[in-house]
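Structure at a glance
So you can see what is in the structure, the chains are spelled out below.
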Amino acid sequence: MRTEHAPTIQRADYRPLAWTVERIDLHFRLDPTATLVTNRMVCVRNPDAGAGPIRLWSEALERLSLTVDGKAPVSLREADGQIEIDADGERVLVEVLTRINPQANTTLSGLYQSNGGYFTQCEAEGFRRITCFPDRPDVMARYTVTLEAERDACPVLLSNGNLLEQGDLPDGWHYAKWEDPFLKPSYLFALVAARLEALEREVTTASGRKVLLQVWVEARDLDRCEHAMESLIHSMRWDEEAFGLELDLDRFMIVAVSDFNMGAMENKGLNIFNTKFVLAKPDTATDIDYENVESVVAHEYFHNWTGNRVTCRDWFQLTLKEGLTVFRDQQFSADMLARAAGPEGAASARAVKRIDDVRVLRAAQFPEDGGPMAHPIRPDCYQEINNFYTATVYEKGAEVIRMLHTLLGPEGFRNGMDLYFSYHDGRAVTCDDFVEAMAEANGRDLDQFMHWYAQAGTPRLSARASWDAASASYTLTLSQHTPPTPGQPDKRPLVIPVALGLIGPDGQDCPLQLDGEASPGACTRVLTLTEAEQTFRFVGLTAEPVPSLLRGFSAPVILELEEDDARLAFRMANDADPFNRWDAAQRYSERVALALAAGIADELPQAYVDAFAALLNDGRLDPAFRAQALALPTEGYLLERMSPADPVALRSAMVVVMHGLGQALADDWLGVCDAMQVSGPYRYHPADAGRRALTGLALRYLCAAGDERGLALAQARYEGAGNMTERFAALAALVQSASTASVPALEAFHQRYHDDALVLDKWFALQAGAWRWNEAAPRTVECVRALMADPAFSLSNPNKVYALLGTFFRANPGEFHAADGSGHVFWADQVIALNARNPQVAARMARALENWRRYTPALQASIRPQLERVLASEDLSPDVAEVIGKALS
Ligand code: PHE
Ligand code: ZN
């Protein structure tokens, strides 16, 4: 039984190290079970720090020797994975020889093997699993790396930077020597030694330098790299144009690996990617996969400046690079979509992207911010940093940057970025440094804005309004409140940009004129809320307007606004802001679903059906937008809005909504399937993708409703599909129905793609996420258990775990929380099994139950003993211990 938890690390405890590293020369002799690593580093006293020993970190290393200037150190102390060495003078050469076992490394952190090749993952603290080193991001050094491996097993030898030389060695071995000209922290170190082939392209940068781009994959995947390469080239161009930032190396490499804990990693000049975010061809990847590849390639590429050239002083500053880089990749994707859509469709294309991003925020970040793991985008403490690669640090962090962009305007933001780079290029800095550069460049005081970095919890924004017919004025009172979160009982008011419009009774936006202004101005404007409550008085109106608040989701808050069915329907039909039009539909669905779940209603209001029909049949609206507007909110988000959360009741409600909309609008849905057909060969283009998305949604509703024509159509579309997007959409519709047609379709799909790992992930996920449409069907947990026995499944491969277990635990609450508790017992079994192999993956799965206290008493009674069972299990990693400890505290 475990009694103590991992120690907590505090942001306030940051101290510079007494010694840092100036340069490091690494030598690897790669062997599956006994790799030898020689590390020769020049350690220098840090002028910014006081006296003290050299501190090195070491984890899971067999240390064979350690010398200082060629001699055994006079004094060396070792405890809790840290080594302290006393040294004299200003600079010393420390030499360390370690032996590691990549084959036995199932954590996928440090040096590990995948499909016979060698790969590294060092962020956040993997480098200390390769050699003894001051493994902190504020230690920036110059690296040279020599790799030696057997030529047959590993013909390709890669590391960061430029290739200096390569050649043969005796006994069938060979070597390559690399040098990275830029200073970098250890978390950006990488090596790859494997049997791979590259798609190559030579391009010229804005300043006229020729650079070599490579996408390295296994030979059989060479026909799936084109899209990643195109995405890389587009990213380069975009960063040059949008921010004046150019690639700084002669060579930029992307390597795909199928065993990877995360999406991808921005190692300097040698990005390592989960195959899922590199490989794409029409027969195996959906439109969404294409979109994801493009945005992840961009994200990692953009890190070269926001993350690598300017990096984080310590891991509490993670959002400095992640929030900013997510914001940059979101802007890039929006620009790419807008460009493809052309001038007519650009606004709608941008809105569709914004909706996607906000959907993720609401489904993943809002629940996190309301639970035991709630933390500010810049946390104050952690036990295990790997648990803080969160939706809060990434997605809410990006929202905070977006608010700066909104408050300062595009030009002001760009000026702030330029100043930030001019001050901090080549340094490891803090979030304060970033915001200070923004403030200075714009002559603005952003002190209050910094509360966004310090306070956890999703702020609530509420609005009260009154209409005074006599003076034709409309008074809007906005107030804000952020609920308490663990360790933060009281919150201060934040700076909240509120973009707003007022819609007249005719459905048209009114030009806005605040009391005291000479004349009316634009129809949408941004009010800046800085107090707990503020009042704004609009004049010059002719009738009482309907407010449209938080247009474009101008701040990451929950808008608490009482709107009745009629008003929601009105905004669904008329709001000039497409984001808010979508949001009105989401709010309406939320009302309807929650009323059904609470037993207050037992069927769909006709007005709701009519409002959906109007959107569905509005041919002027872009199909991609219609697909967004007609899709229901995620269950994860709705459970957040339910108290207590009852996933089983919610599921029944969702079935009623899907069934009701499917049945009532069956003819319209069928009409859409007909009208939205895409001809010609597959191309990844937003116009085509929008039509496919709307068709896929139509099939979902029809099949959910059990409509015979819809089921037949889904089967026909499945069989006749010319690409994965259409094939998978049809299969998904069949699986999400009571029809038995899903069984042969799932079998046929498996047959066709049995040796394609990424496609099988979709097949696993689809079944793990399946609702139970038929009382006689087995529980989903039984299907998941059976699928674990499929030869293609492996607990050692994160993609498989995320697809099958992750989907079941996170995206299928109605089944996961089945009243008999079977899902909870299964969850504990899997978390315990994963903990022994891969703590990071285990902790991610563990988090699926962190919000258990929000559920009904019966569910809590079923979950608690399972949380306790995991906490009491042997050899619990700090990763899982932190999650479960916080959940139970
Ligand atoms: N830094 C990576 C990214 O956001 C994510 C990552 C974190 C990958 C930790 C691996 C390990 O681009
Ligand atoms: Zn990132």
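Residues numbered from 1 in each chain as written. Chains lettered and ligands numbered in written order. Predicted model: local features only at pLDDT ≥ 70, side-chain atom pairs only at ≥ 80, totals over all residues.

With that out of the way, let us pick up helix α14 (residues 686-704). When the terminal C-alpha atoms of α14 are compared, their 26 Å separation across 19 residues agrees well with the 27 Å that a helix rising 1.5 Å per residue should span. Just downstream of α14, Gly 706 is the residue with a positive phi angle, here 70°. (Helix = DSSP H or I, 4+ residues; strand = E, 2+ residues; numbered from the N terminus. Expected span 1.5 Å × (residues − 1).)

Here the focus is unusual backbone geometry. The step from Glu 123 to Ala 124 runs through a cis peptide bond, and the omega angle for that step is -5°. Topologically, Ala 124 is positioned in the loop between β10 (117-121) and β11 (141-150). For the peptide bond that leads from Ser 643 to Pro 644, omega is -5°, which places it in the cis range. Examined against the element boundaries, Pro 644 turns out to sit in the loop between α11 (635-640) and α12 (647-664). Positive phi is not limited to glycine here, since Ala 60 has a value of about 55°. As for its placement among the helices and strands, Ala 60 is situated in the loop between β4 (54-57) and β5 (62-68). The phi dihedral of Leu 550 falls on the positive side, at around 65°, and the residue is not glycine. Looking at the secondary structure, you find Leu 550 in the loop between β29 (546-549) and β30 (558-560). Given 24 C-beta atoms within 10 Å, Leu 550 falls into the buried group. (Buried ≥ 20, exposed ≤ 12 C-beta atoms within 10 Å, placed from the backbone.)

Near ligand 1 the following residues occur: Gln 121, Glu 123, Met 262, Ala 264, Met 265, Glu 266, His 299, Glu 300, His 303, Glu 322 and Tyr 389. Contributing elements (two or more residues each) for the shell around ligand 1: β19 (264-265) and α2 (287-302). Split by residue class, the shell around ligand 1 holds four nonpolar, three polar and four charged. (Near = placed C-beta within 6 Å. Nonpolar A, V, L, I, M, F, W, Y, C, P; charged D, E, K, R; others polar.)

A separate point is the nonpolar core. Counting residues in each nonpolar core, the largest one holds 262 residues, and the members touching the most others are Val 192, Val 255 and Val 278. Looking at which element gives the most residues to this core, the answer is helix α3 (residues 318-369), with 19 residues. Once you skip the residues sitting within four places of it in the chain, Val 278 turns out to touch Val 215, Val 217, Cys 225, Ala 228, Ile 254, Ala 256, Phe 273 and Val 293. (Core = buried A, V, L, I, M, F, W, Y, C linked by C-beta atoms within 7 Å. Contact = placed C-beta atoms within 7 Å.)

Quick look at the sheet that holds strand β6 (residues 76-79) now. The strand order across the open sheet formed by three strands is β4-β7-β6, and the pairing between neighbours is antiparallel. Edge strands, defined here as strands with exactly one partner in the open sheet, are β4 and β6. For this sheet, the mean angle separating the axes of adjacent strands, direction not counted, is 20°. Inspection of the sheet shows β6 paired to strand β7 (residues 82-85) by four bridges, in the antiparallel sense. In the sheet register, Ala 79 faces β7, and the bridge partner there is Gln 82. (Pairing = 2+ DSSP bridges. Axes fitted to C-alpha atoms, helices over the stretch in contact; angles between N-to-C directions.)

The next point concerns the UniProt feature "domain: Aminopeptidase N-like N-terminal" (unreviewed entry) in the protein. Under the local residue numbering, the UniProt record ascribes the feature "domain: Aminopeptidase N-like N-terminal" (unreviewed entry) to residues 105-188. Helix makes up 0% of residues 105-188 and strand 51%, whereas the separation of the span's terminal C-alpha atoms amounts to 19 Å. (UniProt positions renumbered as here; feature names shortened; annotations may be inferred.)

On to the UniProt feature "domain: Peptidase M1 alanyl aminopeptidase C-terminal" (unreviewed entry) in the protein, then. Here the UniProt feature "domain: Peptidase M1 alanyl aminopeptidase C-terminal" (unreviewed entry) sits at residues 565-888. Helix makes up 70% of residues 565-888 and strand 0%, and the two end C-alpha atoms of the span are 39 Å apart.

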